[in-house]
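Residues per chain are reported as follows:
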Amino acid sequence: MLGAVIVSLTLAELCLAQGSGTSLPFVQPQSCSSSHFYDVSRLQCAPCGAGLRRGADGLRCICNDTSRMVDAGSPIARCTLCNPDNEVVSANGRLCLECTNCKQCGDNQVRDEDLALRTASCQNCSDKTVPNALGNICVPCQETFILTTNSCTCPPNNLKGGLCFGNTKLPSRSARLPDSIWYEMHLQASYLACSNLTYSNQTACQLLTNLVVLDVNSLVNGEAYILYSSITPTTSYLPKLFYVDTNIAASLGQTAPKGLSFQKDSQISLKIVKYDAGGNFLGWEDVSGGTLQLCLDTQTLLDAAYRFGSSYDQSCTMRISDLLGRFPEPVLYELFLQYDDGQGQAMVWPIPVRNLNLDRNGLGAGALRRFFLVDGLTGRRGSLSNPPSSVTYAKDLVLRTYLPTSNPISEPPFLLTVQYAQAEDLRAQTQVTFAVRYEMKHSAHKRDTDIALGVLGSLAVFIAMLETSSWRRRSGLEFIDVVTIVKYFAYFAGALSNTFFLVTFGTGVYWLIVYKGQHSTVEVMLPPAGGEIETGFIIYVSCAFGLKALELIHILIVQMTVSIFLIDWEKPKGRSLPKPEANKASPSSVSIWRTYFIANEWNEIQTKRKINPILQLFVVLLLLEVIGLKNIARRDLNLNLHPGYEVNLAPWSPILRFGISVSMWLAVGLVQVLFFIGFCERFIEDKIQQFVDLCSVSNVSVLVLLHRCYGYYIHGRSVHGQADIGMESMYLNLKKEEDNLCAMRGLEPNMDVQTFEVLISNKVRQQYDRILSPLNEAARGNRTGREDSATLQQNLKAYFTMNKFLSSFLEHAYKDMDYVVREKLFLERILDFEFQRSEDRSFFYNDDRTLFSNALYYGHELVLLLFDTLLFSVVDLGTQDFVLAAIITYLVQKILELVREAISRRNLATKTLVDERFLI
């Protein structure tokens with residue numbers, strides 16, 4: 001009776017202690033005092049009670065040498081004091097035996113214990129007892145036989161798993177029993193031994209829990225779980241199966257430890273409790289390299305999995321037979337996080353385990369506390385000596401960490417997810433993975449990204465409307481037509497591309513600074529790989545590239561179809577020329593070579609850029625590959641640019657990879673542009689300004705119309721009247737300009753401005769088209785492409801007519817087609833929009849920024865740079881290879897350049913009426 005009271009009080013005390021939370025002090029069996037035993041179901045020390053002492057293994061309490069005990073599997077034995085005068089305790093410690101002169105038997109004798117008569121004598125063992133393994137004492141039968149039948153025999157219906165039970169009634173059930181000899185042998189026996197208050201067999205309770213966990217695909221629908229759930233935990237040593245009894249998210253705030261913090265690159269201190277398949281406690285063990293990983297590797301690389309803040313992915317292909325060789329019998333684990341409670345006390349917190357097989361089958365059983373890696377035992381049928389018909393193994397094992405760990409709310413700071421698979425062919429190969437992932441809530445970041453896209457996207461709509469309105473004015477259109485809508489979408493593509501680029505580039509730089517810049521406590525982690533944010537980021541980058549490609553195509557089409565004419569101001573020589581033949585243009589004494597020369601120079605600078613594309617690619621690859629800046633883009637907190645071979649390399653982060661590659665590309669491009677503008681153009685050569693000077697020396701002006709009524713004018717009229725002169729005269733003229741002995745080069749008197757934005761009236765444009773219309777009709781009629789004599793004469797006539805018309809127009813010869821020169825307003829410069837309409841007269845706006853380069857590559861360097869950047873990044877995101885991305889980017893650059901040069905050359909020859917054969 002006293003023993004039963006002690007058992008009840010101890011159970012109640014332990015249940016109250018365990019119900020206070022899931023965290024518990026970290027205690028090992030050897031740390032318990034002599035009056036306490038280690039309760040493996042609670043993983044804590046528990047008092048033995050009066051008259052009891054700790055057993056040799058520390059896992060149970062036994063009676064002292066003067067008392068008998070009843071041991072039916074409970075760790076706390078029930079003791080009764082024997083009469084010290086004429087009684088001795090039996091060898092097994094369970095009975096008080098009456099004896100005479102049997103306390104010390106002879107050398108050749110054994111004390112024969114008659115358990116039925118409760119007597120002992122020094123004699124040979126009788127037939128009614130069973131000798132022990134050494135043959136030196138007589139021992140009774142298994143305790144359940146004695147308690148049930150008081151003999152060594154048991155009726156067949158009462159025999160379960162080698163144990164004898166008086167009551168073998170099981171809970172009513174209609175569950176599936178796994179086709180396994182292991183379940184047939186131990187399921188009912190473990191339930192009866194665990195649930196029977198007389199036995200309270202702790203090992204049987206652990207075995208029953210193992211049977212529940214090993215049934216990975218059924219669990220809550222399996223017979224093992226039904227038997228497990230029918231046992232009242234407070235009246236047995238049944239261990240907890242689930243992390244918490246209610247929903248994990250609802251009760252997490254009370255169960256997960258608060259105040260956890262981890263330093264950068266610190267090791268996660270994990271411990272496991274191990275049990276064998278039979279339910280025996282195997283002890284505590286530190287989780288280190290190879291404890292949970294099925295793949296083989298070096299100790300350093302295996303231990304890298306538990307370096308806090310570094311994502312870890314390990315995958316390999318293994319034979320099922322090799323897995324079974326490493327785990328001939330399953331070992332079951334419970335995973336714990338070891339931490340300090342702030343008062344010097346080491347604490348352990350059980351890490352919940354989520355079985356993805358149950359989640360996939362819609363059987364959300366919550367988070368478990370126990371798992372295994374390989375099980376070939378429950379797959380045996382008929383006999384345990386038979387090979388398994390199937391092997392269950394942990395195919396994917398992922399340790400997830402949710403930040404911030406200091407204040408868990410809806411997710412535990414750590415969670416182990418396991419996905420099991422089954423294989424029937426032992427010779428088959430399978431792929432197993434182990435990963436460590438770090439996650440946190442990124443709802444605020446997603447919200448900020450959506451807001452930025454919304455605001456900048458609205459601004460892009462406004463910018464596209466403004467550019468379209470400007471284009472309509474510059475094209476002289478009054479109504480909205482299909483072309484206007486197409487133009488709007490072209491401008492909108494460019495503005496929206498800039499929006500996506502700004503958001504993605506800002507996101508990449510933000511995570512580079514915030515994530516990689518953490519110095520002490522780690523509180524921020526990257527968005528999960530393959531998650532919504534990362535997938536959305538890749539889509540945004542792809543959209544930015546696609547829209548930027550459309551913008552570039554639109555710009556190239558405009559540049560390759562510009563209307564351009566070279567105005568020759570040279571006056572004919574004094575000598576008279578012979579009269580032309582009928583239907584032929586009047587011959588001229590003016591040399592055409594100056595016009596051809598200007599046309600060739602314009603053709604050469606059409607693809608001139610402010611950066612060197614080859615140097616750009618070389619320097620970017622040097623920074624990323626050779627210097628090693630690409631290693632910053634890994635999912636870890638390490639900033640080592642040259643990690644060694646023995647260092648675990650975390651997976652790439654597309655966000656960080658984009659951030660570092662674009663940062664390097666833009667930085668190198670910016671340095672090149674600044675060096676080119678600040679040094680090369682100032683001290684070496686300025687091709688654009690040199691072209692303007694060349695026009696003045698050649699006495700040739702250039703009119704370029706990007707749109708129907710808008711373009712640029714380079715005033716190249718020589719202040720000396722003629723340019724087709726000898727070398728000596730040329731030197732004298734240039735000397736006069738140096739000494740300010742002649743007029744200025746500008747279009748207007750006493751002005752030096754030679755470049756202008758022009759907004760011509762409809763009348764001027766109509767006259768321009770009228771002069772070229774015969775040529776267009778002749779080109780449409782001449783399908784062969786060969787230029788006959790009539791076409792040549794028509795070209796010559798059109799050239800001289802256009803040259804005369806434009807030169808007269810620039811000299812204010814037409815009162816109804818006059819123009820004025822003025823400065824653009826500040827707001828007009830900012831918006832790139834002309835407030836005046838060119839209805840009755842044209843406008844020439846002084847241009848000190850050489851905006852005529854907008855008809856060249858040179859004026860769209862930013863668009864080209866962003867296109868190259870996005871192309872490089874998109875290829876890299878798809879291939880994870882900077883070298884391949886650089887090669888493809890270079891090839892695309894060259895193809896676009898060749899296409900641009902070929903089509904522009906033909907357009908230049910057509911519009912300037914210069915023979916294409918002279919464009920070299």
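A few points on the structure. (Residues numbered from 1 in each chain as written. Predicted model: local features only at pLDDT ≥ 70, side-chain atom pairs only at ≥ 80, totals over all residues. Heavy atoms only, no water.)

## Digging into the pattern of salt bridges
Right, on to step 1. Across all of its chains, the model carries 30 salt bridges by this definition.
Right, on to step 2. Within this structure, Arg474, Glu757, Lys824, Asp832 and Glu834 form a network of salt bridges that share partners. (Salt bridge = Lys/Arg side-chain N within 4 Å of Asp/Glu carboxyl O.)

## Quick look at the side chain of Ser497
Right, on to step 1. Examined against the element boundaries, Ser497 turns out to sit in helix α11 (residues 482-516).
Right, on to step 2. Using a relative accessible area of 0% as the deciding quantity, one classes Ser497 as buried.
Right, on to step 3. Excluding its chain neighbours within four sequence positions, the residues that come into contact with Ser497 are Ala544, Leu547, Lys548 and Leu870. (Helix = DSSP H or I, 4+ residues; strand = E, 2+ residues; numbered from the N terminus. Buried < 20%, exposed > 50% of the residue type's maximum accessible area, 1.4 Å probe, protein only. Contact = heavy atoms within 4.5 Å.)

## Description of the sheet that holds strand β32 (residues 842-846)
Right, on to step 1. Reading across from one edge, β27-β28-β29-β30-β32-β31 is the order of the six strands in this open sheet, with mixed pairing throughout. In the strand order of this sheet, the two ends are held by β27 (563-568) and β31 (819-822), each with one partner. Along the sheet, successive strands turn relative to each other by an average axial angle of 20°, direction set aside.
Right, on to step 2. In the sheet, strand β28 (residues 700-705) pairs with strand β29 (residues 710-714) via four bridges, with the strands oriented antiparallel. Residue pairing for β29: Val704 is matched across the bridge by Tyr712.
Right, on to step 3. Here helix α13 (residues 593-604) sits on the sheet in contact with β27 and β28, set at roughly 145° to β27.
Right, on to step 4. Helix-sheet contacts for helix α16 (residues 687-698) involve β28, β29 and β30 (755-759), and the interaxial angle to β28 is about 130°. (Pairing = 2+ DSSP bridges. Axes fitted to C-alpha atoms, helices over the stretch in contact; angles between N-to-C directions.)

## Here we look at the pairing of strand β16 (residues 270-276)
Right, on to step 1. Extensive coverage of β16 is indicated by the burial of six of its seven residues.
Right, on to step 2. Alignment of β16 against strand β17 (residues 281-286), held across five bridges, turns out to be antiparallel. When the sheet's bridge partners are listed, Ile272 is paired in β17 with Glu285.
Right, on to step 3. Hairpin connection of β16 to β17: four residues between the antiparallel strands, including Gly279 at a positive phi of 95°.

## Re the sheet that holds strand β9 (residues 96-99)
Right, on to step 1. Taken in spatial order, the four strands of this open sheet run β8-β9-β11-β10, and their pairing is mixed. Pairing within the sheet leaves two strands with one partner each, and these edge strands are β8 (87-89) and β10 (111-114). Strand-to-strand, the axes of this sheet are offset by a mean angle of 40°, without reference to chain direction.
Right, on to step 2. Direction of pairing for β9 relative to strand β11 (residues 119-122): parallel, over a ladder of two bridges. Following the sheet pairing, Cys99 is matched in β11 by Ala120.

This is a description of form; function is not addressed.
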